[in-house]
Amino acid sequence: MSFFSRRLLYRIGLYSTAGIIAYSIYARANIPPETDEEYCKRKGMVKIHDQFYKYDVYEHGEMKPFVDLLTDGCDGDSFCDIDRAYQYVLKIPYKESTQSRTPADVINQNGGDCDEKSFLLATLLLQKHYRCLLIMTKEHAFLTIHLPDESKIRRPNAYVTFEGEKYYFAETTLPHGYIGQYNNIREQEVEGVFDMTSKEEIPSDKISFFTPHT
């Protein structure tokens, strides 16, 4: 092959590579921006009031045996089921982190912050189809739980109402606590509410607060 032939092939290859690179840049520049929904699905996250959280709150097959063991002896008593799950999460130490832990991480690492511990509690409750709402403020998150049987609830207590039903406070960061215990969060501090059952954000004006000071 002559010198000129080799030079021609080299140029063709060089221009082809440059063309491919230029097309890739053009194609990327013209891809429609990723929606929040697409981003959440790709990353396994959920958006709650303009913030993204690692989300793993589902009915896990591996969690069901653990919940059955945790609630052994409750014999269908819904309050017993819920309180056992709550007391278990309550005893997990509060630990902040720069990375979002999944519910399984919180158990394995024996630590979680307010939203991570709330997500774990919601995961445990969903194994037995108990409904709950996540309440978000600027700096805090906690769960509220619908109780099918309210006869054992302690007083004084705090709850929110949503669609005519009560959801009792379940603060997971207290050293000691009980379902319904007021955590000093006021209604005007709420910035977001997330239905953990339907997995969708609901307008904060759709809930009403009832606290010992109401």
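Chemist: How do you make sense of the overall build of the chain when you look at a structure like this?
Modeler: When helices and strands are tallied, the chain shows six helices and nine strands. Relative to all contacts within the chain whose residues are 6 or more apart in sequence, the contacts with residues 24 or more apart total 58%. Only carbon and sulfur atoms are counted for the fraction: they give 52% of the accessible area of the chain, which is about 12,600 Å².

Chemist: Honestly, the side chain of His140 in this entry has me stumped. Any pointers?
Modeler: Its location among the elements puts His140 in the loop between strand S3 (132–136) and strand S4 (141–145). Judged by its relative accessible area of 18%, His140 is buried. A polar side-chain atom of His140 sits 2.8 Å from a polar atom in the side chain of Glu171. When sequence neighbours within four positions are dropped, the list of residues in contact with His140 reads Cys114, Ile135, Glu171, Thr173, Asn183 and Ile185.

Chemist: It is not clear to me how empty space enclosed by the protein should be interpreted in this structure. Could you clarify?
Modeler: It is a probe the size of a water molecule, rolled over the atoms, that shows where empty space is left. Tallying each qualifying case throughout the model produces one cavity of 30 Å³ or more. Its boundaries defined by the atoms lining it, the largest cavity holds a volume of some 40 Å³. Lining the largest cavity, in full, are Val67, Leu70, Thr71, Asp81, Ala85, Leu124, Leu125, Lys128 and Tyr130. Those elements giving two or more residues to the lining of the largest cavity turn out to be helix H3 (63–70), helix H4 (78–90) and helix H6 (114–126). Looking at the lining of the largest cavity, its residues break down into six nonpolar, one polar and two charged.

Chemist: How do you make sense of the side chain of Asn157 when you look at a structure like this?
Modeler: Its place among the elements puts Asn157 in the loop between S4 and strand S5 (159–162). Those residues in contact with Asn157 that lie beyond four places of it in its chain are Tyr168, Gly180, Phe210, Thr211 and Pro212.

Chemist: Even after reading the chapter, I still don't get H3, so can you show me in this structure?
Modeler: Helical geometry: 3.6 residues make up each α-helical turn, so side chains three or four residues apart lie on a common side. All of the buried residues in H3 are Met63, Val67 and Leu70. Summarising the axial view, the buried residues of H3 lie within an arc of 60°, below the 170-degree limit, and thus occupy one face. Of the surrounding elements, those touching the buried residues of H3 are H4, helix H5 (103–109) and H6.

Quick notes on the rules
- Residues numbered from 1 in each chain as written.
- Predicted model: local features only at pLDDT ≥ 70, side-chain atom pairs only at ≥ 80, totals over all residues.
- Heavy atoms only, no water.
- Helix = DSSP H or I, 4+ residues; strand = E, 2+ residues; numbered from the N terminus.
- Contact = heavy atoms within 4.5 Å.
- Areas by Shrake-Rupley, 256 points an atom, 1.4 Å probe, with all protein chains shown as cover.
- Buried < 20%, exposed > 50% of the residue type's maximum accessible area, 1.4 Å probe, protein only.
- Polar contact = N/O pair within 3.5 Å; in protein donor to acceptor, adjacent residues only side chain to side chain.
- 1 Å grid on protein atoms, 1.4 Å probe; cavity = no way out; pocket = protein on both sides within 12 Å on 5 of 7 lines; lining within 4 Å.
- Points joined across faces, edges and corners; volume = space filled by probe spheres on them.
- Nonpolar A, V, L, I, M, F, W, Y, C, P; charged D, E, K, R; others polar.
- Arc of directions from axis to C-beta.

In short, geometric facts, not functional conclusions.
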